[in-house]
There are 2 protein chains.
Amino acid sequence: MVRAVYDGIYRIIRSRIEAGDYAYQGFLPSENEFIAEFGCSHNTIRKALGLLAGEGYVHPIQGKGVRVIYRPLERAGFVLGGIESFKETAARNRLNVATRVSAFHDAVADARISKATGFARGEELVYVERIRLLDGAALILDRSYFLKSAVDGLTPEIAEKSIYEFFENELGIAIATSKRAITAERATELDARLLDLDGYDFLAVVTGQVFRSDGIMIECTQSRHRPDHFTFYSTATRGV
Amino acid sequence: MVRAVYDGIYRIIRSRIEAGDYAYQGFLPSENEFIAEFGCSHNTIRKALGLLAGEGYVHPIQGKGVRVIYRPLERAGFVLGGIESFKETAARNRLNVATRVSAFHDAVADARISKATGFARGEELVYVERIRLLDGAALILDRSYFLKSAVDGLTPEIAEKSIYEFFENELGIAIATSKRAITAERATELDARLLDLDGYDFLAVVTGQVFRSDGIMIECTQSRHRPDHFTFYSTATRGV
DNA sequence: GCCGATTTGTCCGTATGTATC
DNA sequence: CGATACATACGGACAAATCGG
């Protein structure tokens, strides 16, 4: 895929910030300096800087400059908040990761499922239950409903690897938008049976809907995390 | 403050979506139709639509249109994920809300505080501990450090009302960016003493940093929520 | 399969407003 | 006041995806 100009510039500036080339609390070069460096237009630079601001790397101040507010994360754990798959996350954190599929069967959205997931009543689905292991400990329980028509050819073997890779490489599906809700809940019998709770009797729960690039919801997943390995990061910006 | 054109258009379209004028899974009018309606340029409409997409209201599909993916929330609780104050949230949910200040004193950032909050060592701070009551039940414990130089004139009486209103109206401070991390944690002795835990022994914890519009961090707050009243919403978009 | 109309995506150049110093 | 820097808005051009004939 050929990348857009603004995306390339965004990545370059982001990597410089992460490398510390631009100091925390310092200012980036001005927009005009970037225009001179990259040979692009005002709007293109602004789009790249807008992405960085939206992700909490920088903060623009009218009349002064664009301040760097990024610092490396201190607490270990999963970096969420953007769209990042389990495998990507594990790789970033250099952990030994495995997935075990504990259930895999078809289902039809009845009233209960429809209310919980947002799929329409009667929709044909596939139910997948996965356990995520880090360095041998079962830390995450994923319970997913997929839109059956969208994941034709999905097997337990594929689910053990990465369903996202299957989406993108085999089915050519581009994931675009996802919505998540984070809550904290008491661990259930099922959680206790499938996870290494290590004394914990509560979990951090992420319930998410995934939309294909044509806007159709194709997945609703509930991820139940042992709390000591879970952190969800989020950045918000108020319209000035 | 005079609002920007794109912001007004964004609000109009958003309110139509929330009112159901544009159906879930249906398409918005095309960009050209909006241009005709609002009498503005292509880019201005795109900026408004970009805001809606970023907040999970719509999902644009190249060559087809902009699909509505918003639906009213089902689960009661706090709407977070954007920047919304406790009072705004309570008003939206029509709850009877009160705040009690349980501690209020100056502090200096030592090694421990500096590591936990991100304030520099030696920085002069104000520590504020607040309990949020909904319909008489103590559900949330807020423990905040403020940059002393930025909140001059802050009193316990003001903290009982809204510190954000104090920021914006008295001090003329505009809050711009905030970063948050969500975790689930075991309730402490302090939590049990100050909150109505109602049998729960764990909490949803939001640790957040607030940046003033000049990019300086002025607040670091940890909000500890009883889990049955807490939900954090988030929308993510993967760069196509 | 091709072509043309429609729609969103990207990029440019320019102008003007507003805040900071 | 002027210089600098970010913010907003416009108009135009072309690319890419979709859909219907």
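Whatever comes next refers back to the structure up there.
A short tour of the structure in this document, coming up. (Residues numbered from 1 in each chain as written. Chains lettered and ligands numbered in written order. Predicted model: local features only at pLDDT ≥ 70, side-chain atom pairs only at ≥ 80, totals over all residues. Heavy atoms only, no water.)

Things to note about the overall build of chain A
(1) Moving on: A tally of helices and strands in chain A yields eight helices and nine strands.
(2) Moving on: Counting across all 240 residues of chain A, residues that qualify as buried make up 48%.
(3) Moving on: Counting only contacts in chain A whose residues sit at least 6 apart along the sequence, the fraction spanning at least 24 positions is 58%. (Helix = DSSP H or I, 4+ residues; strand = E, 2+ residues; numbered from the N terminus. Buried < 20%, exposed > 50% of the residue type's maximum accessible area, 1.4 Å probe, protein only. Contact = heavy atoms within 4.5 Å.)

A look at the packing of aromatic side chains
Given two aromatic rings, one states the distance between the centres and the angle between the planes to describe the pair.
(1) Moving on: Across all of its chains, the model carries nine aromatic pairs over all chains by this definition.
(2) Moving on: Consider the rings of Y200(B) and F202(B), whose centres lie 5.8 Å apart with planes at 80°: the pair is edge-to-face.
(3) Moving on: On the basis of relative accessibility, which here comes to 0%, the residue F202(B) falls in the buried class.
(4) Moving on: Members of the aromatic cluster, connected to one another through ring pairs, are Y200(A), F202(A), Y200(B) and F202(B).
(5) Moving on: In this arrangement the basic side chain of K47(B) is found over the ring face of Y6(B), its NZ or CZ atom lying 4.7 Å from the centre. (Phe/Tyr/Trp six-rings, centres within 6.5 Å; stacked < 30°, edge-to-face > 60°. Lys NZ or Arg CZ within 6 Å of the ring centre and 35° of its normal.)

Some words on the protein's contact with DNA strand C
(1) Moving on: Surveying the vicinity of DNA strand C reveals 23 residues, the closest of which are V5(A), Y6(A), N43(A), T44(A) and E31(B).
(2) Moving on: Counting only atoms of DNA strand C within 4 Å of the protein, the fraction found in sugar and phosphate groups is 73%.
(3) Moving on: Take Y6(A): an N or O atom from its side chain is 2.8 Å from a phosphate oxygen of DNA strand C.
(4) Moving on: Taking H42(B), its side chain carries an N or O atom lying 3.3 Å from a base oxygen of DNA strand C.
(5) Moving on: Considered class by class, the residues forming the surface near DNA strand C number seven nonpolar, eleven polar and five charged. (Near = heavy atom within 4 Å. Polar contact = N/O pair within 3.5 Å; in protein donor to acceptor, adjacent residues only side chain to side chain. Nonpolar A, V, L, I, M, F, W, Y, C, P; charged D, E, K, R; others polar.)

Structural notes on unusual backbone geometry
All names here are of chain A.
(1) Moving on: For D135, which is not a glycine, the phi torsion comes out positive at approximately 50°.
(2) Moving on: Here D135 is to be found in the loop between strand 4 (124-134) and strand 5 (137-147).
(3) Moving on: Of note in the backbone geometry, D198 takes a positive phi value of approximately 55° without being a glycine.

A short note on the packing of helix 1 (residues 5-19) of chain A against helix 2 (residues 31-38) of chain A
Residue and element names in this part refer to chain A.
(1) Moving on: Packing of helix 1 against helix 2 brings their axes to within 12 Å, and their N-to-C directions diverge by 115°. The two elements helix 1 and helix 2 meet at a crossing, and its hand is right-handed. Here I9, I12, I13 and R16 of helix 1 lie close against helix 2, whose contacting residues are F34, E37 and F38.
(2) Moving on: The class makeup of the residues in the contact of helix 1 with helix 2 is five nonpolar, no polar and two charged. (Axes fitted to C-alpha atoms, helices over the stretch in contact; angles between N-to-C directions. Left-handed = near helix turned anticlockwise from the far one by under 90°.)

Overview of the packing of helix 1 of chain A against helix 3 (residues 42-54) of chain A
Residues and elements named next belong to chain A.
(1) Moving on: In the contact formed by helix 1 and helix 3, the axes pass within 8 Å of each other and the chain directions differ by 50°. Considered as vectors, helix 1 and helix 3 are oriented oblique to each other. Classified by chirality, the crossing of helix 3 by helix 1 is right-handed. Listed contacts from helix 3 to V5, Y6, I9, Y10, I13 and R14 of helix 1 are T44, I45, K47, A48, L49, L51 and L52.
(2) Moving on: For the contact of helix 1 with helix 3, the residue count by class is ten nonpolar, one polar and two charged. (Parallel < 35°, antiparallel > 145°, perpendicular 65-115°, else oblique.)

So, helix 1 of chain A
Residues and elements named next belong to chain A.
(1) Moving on: Compared with an ideal rise of 1.5 Å per residue, which puts 15 residues at 21 Å, helix 1 spans 21 Å between its outermost C-alpha atoms and is within 8% of the ideal.
(2) Moving on: Along helix 1, the residues classified as buried are D7, I9, Y10, I13 and I17. In an axial view of helix 1, the angular spread of the buried residues amounts to 160°, which keeps them on one side of the axis. Turned more than 90 degrees away from the buried face of helix 1, the exposed residues are V5 and A19. (Expected span 1.5 Å × (residues − 1). Arc of directions from axis to C-beta.)

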